[in-house]
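Observations on the three-dimensional arrangement
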Amino acid sequence: MADPVIVARSLSRTYGSGPTTIHALREVSFDVGPGEMVAVAGRSGSGKTTLLNLLGGLDQPDSGTLQVVGADLTALDDAGLSRLRREHISYVFQTFGLIPALTASENVGVPLRMRRMPVAEREQRVELLLDLVGLRDHAQQLPGELSGGQQQRVAIARALADRPARRRDRRGRDGAAAGHRGLRADHGGRGHPRPDDDGARRPRPHDRRRPGPRLR
Ligand SMILES: Nc1ncnc2c1ncn2[C@@H]1O[C@H](COP(=O)(O)OP(=O)(O)OP(=O)(O)O)[C@@H](O)[C@H]1O
Ligand SMILES: [Mg+2]
């Protein structure tokens, strides 16, 4: 079996000290395998965000060990953590985190700019990603001009844009495949996201025969 991408052992994180100490995480251990889809569920205040902050290298545990794609997160310095985040970790934030002054298209392109991808390649990738999330006709709108669900899909496209090129080259279908699975769930099990109601073209029966957009 392939090595796990996440190995968490006895992770603990407390906030505060003395009688007001909050044990947000106590001795949490688990593995996540490559390609495995995992949902973290629990009541409000049970430690989900605390755990995700640790997994993303945004915070450090008080005790325990955490490996992400083979790197010991507790041993990395700031530069090492930044590299790990850039190459392996994507978040879709609850609040989407879109840059208000940039169009949908420019928002999706931000991680690609940071990777210094050539302009033509970047524009092609962004177009494909917006198509994948059903926003081809909304590329030039600002976040404030998009619906909540559309903003969320821009954030998903941006998170997919951020997938490391290495995996894409090796596996061919990469994060788009994972994103596609996620979108199937989001869009009632259909293979493609459905264009929304405000002016976008509705899918016609023959559309189902078209191959879906793929990243290369
Ligand atoms: N910076 C902080 N300082 C002190 N206590 C904190 C801090 N951040 C979180 N906590 C506490 O740690 C516990 C876990 O918080 P966390 O944000 O991880 O919960 P959650 O499962 O994400 O909740 P929700 O579903 O409401 O988002 C809570 O009791 C919270 O009050
Ligand atoms: Mg939370």
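For the structure, check the block above.
My aim in this report is to walk through the structure given alongside it, one point at a time. (Residues numbered from 1 in each chain as written. Chains lettered and ligands numbered in written order. Predicted model: local features only at pLDDT ≥ 70, side-chain atom pairs only at ≥ 80, totals over all residues. Heavy atoms only, no water.)

This part covers the pairing of strand β2 (residues 22-32). Of the strand pairs in this sheet, strand β1 (residues 6-15) and β2 are connected by 7 bridges, and their pairing is antiparallel. Among the inter-strand pairings, Arg13 is bridged to a residue of β2, identified as Leu25. Hairpin geometry of β1 and β2 is characterised by an intervening segment of 6 residues between the two adjacent antiparallel strands and by a positive phi of about 75 degrees at Gly16. (Pairing = 2+ DSSP bridges. Helix = DSSP H or I, 4+ residues; strand = E, 2+ residues; numbered from the N terminus.)

It is worth spelling out the site of ligand 1 at this point. Around ligand 1 lies a shell formed by Tyr15, Ile22, Ala24, Arg43, Ser44, Gly45, Ser46, Gly47, Lys48, Thr49 and Thr50. The separation between an oxygen atom of ligand 1 and a polar main-chain atom of Gly47 is 2.9 Å. Contact with the protein chains covers 57% of the free accessible surface of ligand 1, which is 630 Å². Breaking the shell around ligand 1 down by element, the ones donating at least two residues are β2 and α1 (48-55). With 3 residues, the top contributor of residues to the shell around ligand 1 is α1. (Near = heavy atom within 4 Å. Polar contact = N/O pair within 3.5 Å; in protein donor to acceptor, adjacent residues only side chain to side chain. Areas by Shrake-Rupley, 256 points an atom, 1.4 Å probe, with all protein chains shown as cover.)

Here we have 4 strands laid out as an open sheet, ordered β2-β1-β3-β4, and antiparallel in their pairing. If you trace the sheet from one side to the other, it starts and ends with β2 and β4 (71-72), each paired once. In this fold α1 packs onto β1, β2 and β3 (63-68), with an angle of close to 55 degrees to the strand it touches most, β2. (Contact = heavy atoms within 4.5 Å. Axes fitted to C-alpha atoms, helices over the stretch in contact; angles between N-to-C directions.)

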